[in-house]
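Structural features, examined
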Amino acid sequence: MSELLDPARPAPAEAPPARAPDRMAAPPDSGLDHRQQALRALGSALLARGYRFICPTPDTQAIVAARKPQARDLRDVFGWSRPFAPDLLPAALLSLLRQADAVSVTPDGLLSRLRFSTFGDSLLVHSAWPTTQNDAVFFGPDTYRFAQLIRRTLARRQRDRPLAPPRTVVDLGCGTGAGGILAASLLPPRAATRILFTDINDAALDLAAVNATLAGVPRFTCLHSDLLTAVPDPIDLVLANPPYLLDPEQRAYRHGGGTLGIGLSVRIVEQALQRLAPGGLLVLYTAAPIVDGRDLLWEALAPRLARTGLRPGSEVRYEEIDPDVFGSELASPAYARVERISVVGLTLQRPAHAGVGRAALVALDALDALDGVNAPDRRNDRDDDCSDDDRDDDRGPHGGARRSLRDPASESGED
Ligand SMILES: C[S@@+](CC[C@H](N)C(=O)[O-])C[C@H]1O[C@@H](n2cnc3c(N)ncnc32)[C@H](O)[C@@H]1O
């Protein structure tokens, strides 16, 4: 990973990804349909006009959007999702928005059904606010934090143990494709890595293709997959920012399922343990419900990880990234026992020699059959199988820490 081969290279101050335009050559539109090409052209036109928009939380968006009812500039239209008069937009931009079938007529004026947000040097197109639809395509502050985790993790790994570029990077639950686009920007110019954008939501795959093309990702595939189920081997790097809340409407970008939203995150860890190639890496950005000072995600994962024999601190790292997000969720009855929702980063690296993960998981299956707790559908995963030491502490901004795998009780709760 070229940037990683040059750890002295500074990261940009604001947004996490640094795309090197010289390496990410002008993309062809091949593979995009007419509507996607219009979106890609709209993104290019906005970039050419110097458009920038940092996507805030939904709460912030609601407050700011309410301050003025009508759009006055491009950021109002494509960032703040404000209604606009037809003559506000240059005709060429309105035409592209129409070709993309992304404009609605409302009593207050026209409305773009999509937003464009700044991500490094590029723009990512995603759903307009409010994201009420079941198939809304997510992008937000979590994505910016996810990108920082990816950047930190890959830089550390490359510094401590330089490796050949991955053959495949899976952006699992890709949404806009931000994770895979960032990974592509960090690869050496001649790396033949393929980025696999996967999601259960086809609307996300549709926009990820536009975003990857706009950002100049040279080799990518979009694949409908429930987690890693449809992903072929080999899998060298998995990047995941899955849903981690309990959403009464069960929207794909929000609903994590399982106990207090941890279901998908637990399944991702189990699938990664089973499917990662030797030396492969999982970078999981997710959240943990904290109940009576206990981190329920860690309590679910620790026994499973302990049985794999992976070494804490090097092959397994668990860090708190933000101790308190989505505080407003705690008012809902489903969260009555939860005192806070903590954003965490989990990185897992399979040893470079083969055999450890699968052997460990056979034992794990047997144990799960006995305890039945959070047992995932691993049998399906297997049927569908298309198959360092880190010496620095790298604590998160709020004091995240590496965890012991042997004694989760002593480690649970706030760091
Ligand atoms: C919180 S969004 C994150 C999107 C993107 N990775 C980012 O960081 O901005 C979670 C994504 O996971 C997808 N997802 C939910 N359940 C999934 C599943 N079972 N398999 C694959 N993707 C899933 C959603 O459709 C959504 O795009």
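The present account deals with the structure reproduced in this document. What you see is a predicted model; the values in this text were computed from it and never measured.

**Quick look at the overall build of the protein chain**
Looking only at helices and strands, one finds 13 helices and 12 strands in the protein chain. Taken over 415 residues, the protein chain has a buried fraction of 47%.

**A look at the environment of Asp73**
Summarising the element assignment, Asp73 is placed in the loop between helix H3 (58-65) and helix H4 (74-78). The class for Asp73 is partly exposed, based on 14 C-beta atoms found within 10 Å.

**Regarding the site of the ligand**
Taken together, 22 residues sit near the ligand, with Thr143, Gly173, Gly175, Asn201 and Asn241 positioned nearest. Tallied by class, the residues present in the shell around the ligand amount to 13 nonpolar, 7 polar and 2 charged.

**Some remarks on the environment of Ala352**
Looking at the secondary structure, you find Ala352 in the loop between strand S12 (340-349) and helix H11 (356-371). Along the sequence, Ala352 and Ala277 sit 75 residues apart, while their C-alpha atoms lie 8.2 Å from each other.

**Some points on the nonpolar core**
Membership of the largest hydrophobic core comes to 104 residues, with the highest contact counts inside it found for Ala183 and Val238. In this structure, this core is formed jointly by two domains, domain 1 (34-127) and domain 2 (141-411), each of which donates at least three residues. In this structure Ala183 touches Ile150, Val169, Ile195, Leu237 and Leu239, once residues within four positions along its chain are discounted.

**Some points on the packing of helix H2 (residues 34-48) against helix H5 (residues 91-99)**
For the pair H2 and H5, the least separation of the axes is 8 Å and the interaxial angle reads 150°. Here H2 is positioned roughly antiparallel relative to H5, judged by the angle of their axes. Two packed elements cross with a definite hand, and for H2 against H5 that hand is left-handed. Along its contact with H2, which presents His34, Arg35, Ala38, Ala41, Leu42 and Ala45, the element H5 presents Ala92, Leu93, Leu96, Leu97 and Gln99. Residues belonging to the contact of H2 with H5 are distributed by class as follows: 8 nonpolar, 2 polar and 1 charged.

Rules behind the numbers
- Residues numbered from 1 in each chain as written.
- Predicted model: local features only at pLDDT ≥ 70, side-chain atom pairs only at ≥ 80, totals over all residues.
- Helix = DSSP H or I, 4+ residues; strand = E, 2+ residues; numbered from the N terminus.
- Buried ≥ 20, exposed ≤ 12 C-beta atoms within 10 Å, placed from the backbone.
- Near = placed C-beta within 6 Å.
- Nonpolar A, V, L, I, M, F, W, Y, C, P; charged D, E, K, R; others polar.
- Core = buried A, V, L, I, M, F, W, Y, C linked by C-beta atoms within 7 Å.
- Domains from an automatic or database assignment.
- Contact = placed C-beta atoms within 7 Å.
- Axes fitted to C-alpha atoms, helices over the stretch in contact; angles between N-to-C directions.
- Parallel < 35°, antiparallel > 145°, perpendicular 65-115°, else oblique.
- Left-handed = near helix turned anticlockwise from the far one by under 90°.

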